[in-house]
Amino acid sequence: MKPLKSISNPLITGTLLLTVTGLSSRVIGFFYRIFLSRIIGAEGLGIYQLIFPVFALCIAFSSSGIQTAVSRFVAAADHKNTGMSYLYAGLILSVGIALSLTVILISYSDFIAIHILDEVRCAPLLVILSYCLIPASVHACINGYYYGKKKTLVPSVSQLMEQVVRVLSVYTLYLICLEKSYPITPSIAVWGVVCGELASSLFSVSCLHFKKCSRHIKRIFKELSLFALPLTTNHVAYHLFSSIEAILIPICLKKYGYSNQDALSVFGIFTGMAMPMILFPNVLVNSVSVLLMPAISEAYARRIFT
């Protein structure tokens, strides 16, 4: 009986579900990157990968800390409507920041591409990528809500859906380009990211059962903001240094004798092919860490209220 009880534990079943979908997404993503490297080349893959430090930094600003905060407070909430209120507060805060970052990326894409990324061809890709910041913020907050409820089915399915839609949309765009004799550029891969984020966001919203907001929305908003601030600062600092490291790789390669094409090709192979394979085992650790916060928060809340 004890093994059955341990398997039915939400932390264990949730971890298993997230691990299975995470592994499936990684496998799909691995073959997807092989496909990308063949249709846009190693240099195109390098240009594509060069914009993701900026994307990761924007996500860190807009949703990473807020998602964790939503998960924590929803897990500790003593009433369903209160938990939903934390989601509403998180959505308002996250989408507001994402909207501001979208405007900044569109307005300063040329400056970022030329003076920070040192690659002018990244400018139109940054504009396209900015369109997925708001859907990504919505998706992250709803995932945080379900993590807090220890219900991982919706986040797991949305994660897998995002990857599948991304691959299918890029393949469809690739076929259209071949049929119309359009040039195949890294932009089709970025449009795939936008389609994937939009699909997962719409799916998450469709699964949500909206309820009335609590009367204490101002207090909830303040609690969420104060809790999310240090988390967001930590995520931003981490991704800032990671972004600087990633941006410096092709710059240093060019400085020490590589041509622009060769530097981007090496960078694309390293970040687009080698690193995902090296980091493949992190799926299990990530799955456990995502669910530990709400489990601890719920246990702490029960100890206080009982």
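Higher on the page you've got the structure.
Below or above, wherever it landed, is the structure these notes cover.

### Describing a nonpolar patch on the surface
Then, in step 1: The grouping of I104, Y108, F111 and I116 at the surface amounts to a nonpolar patch, some 400 Å² of accessible area in total.
Then, in step 2: In this structure, F111 sits in helix α5 (residues 109–116).
Then, in step 3: In this structure F111 comes out as partly exposed when scored by relative accessible area, which is 47%.

### Regarding the packing of aromatic side chains
Then, in step 1: For the structure shown, the criterion picks out 10 aromatic pairs.
Then, in step 2: Taking the centre distance of 4.8 Å and the plane angle of 10° together, the rings of F73 and Y86 count as stacked. Taken as a pair, F73 in helix α3 (residues 52–76) and Y86 in helix α4 (residues 80–107) lie far apart in primary sequence, 13 residues in all.
Then, in step 3: Given a relative accessible area of 10%, F73 falls into the buried group.
Then, in step 4: Taken together, a centroid distance of 5.4 Å and an interplanar angle of 75° make the contact between F73 and F227 edge-to-face. One end of the pair, F73, is in helix α3; the other, F227, is in helix α10 (residues 217–255), with 154 residues separating them in the sequence.
Then, in step 5: The residue whose ring lies beneath R72 is F73, and the NZ or CZ to ring-centre distance is 4.7 Å.

### Considering the side chain of T232
Then, in step 1: Secondary-structure assignment places T232 in helix α10.
Then, in step 2: Its relative accessible area of 13% is what places T232 among the buried residues.
Then, in step 3: Here T232 is in contact with A60, F61, G65 and I66, once residues within four sequence places are set aside.

### Regarding the packing of helix α8 (residues 153–180) against helix α9 (residues 187–207)
Then, in step 1: The geometry of α8 relative to α9 is characterised by a closest axis approach of 7 Å and an angle of 145° between their N-to-C directions. The way α8 lies across α9 gives a crossing that is right-handed.
Then, in step 2: Counted by class, the contact of α8 with α9 contains 16 nonpolar, six polar and three charged residues.

Reading guide: rules and limits
Residues numbered from 1 in each chain as written. Predicted model: local features only at pLDDT ≥ 70, side-chain atom pairs only at ≥ 80, totals over all residues. Heavy atoms only, no water. Patch = residues over 30% accessible without salt bridge, like charges linked within 9 Å, V, L, I, M, F, W, Y side chains within 5 Å. Areas by Shrake-Rupley, 256 points an atom, 1.4 Å probe, with all protein chains shown as cover. Salt bridge = Lys/Arg side-chain N within 4 Å of Asp/Glu carboxyl O. Helix = DSSP H or I, 4+ residues; strand = E, 2+ residues; numbered from the N terminus. Buried < 20%, exposed > 50% of the residue type's maximum accessible area, 1.4 Å probe, protein only. Phe/Tyr/Trp six-rings, centres within 6.5 Å; stacked < 30°, edge-to-face > 60°. Lys NZ or Arg CZ within 6 Å of the ring centre and 35° of its normal. Contact = heavy atoms within 4.5 Å. Axes fitted to C-alpha atoms, helices over the stretch in contact; angles between N-to-C directions. Left-handed = near helix turned anticlockwise from the far one by under 90°. Nonpolar A, V, L, I, M, F, W, Y, C, P; charged D, E, K, R; others polar.

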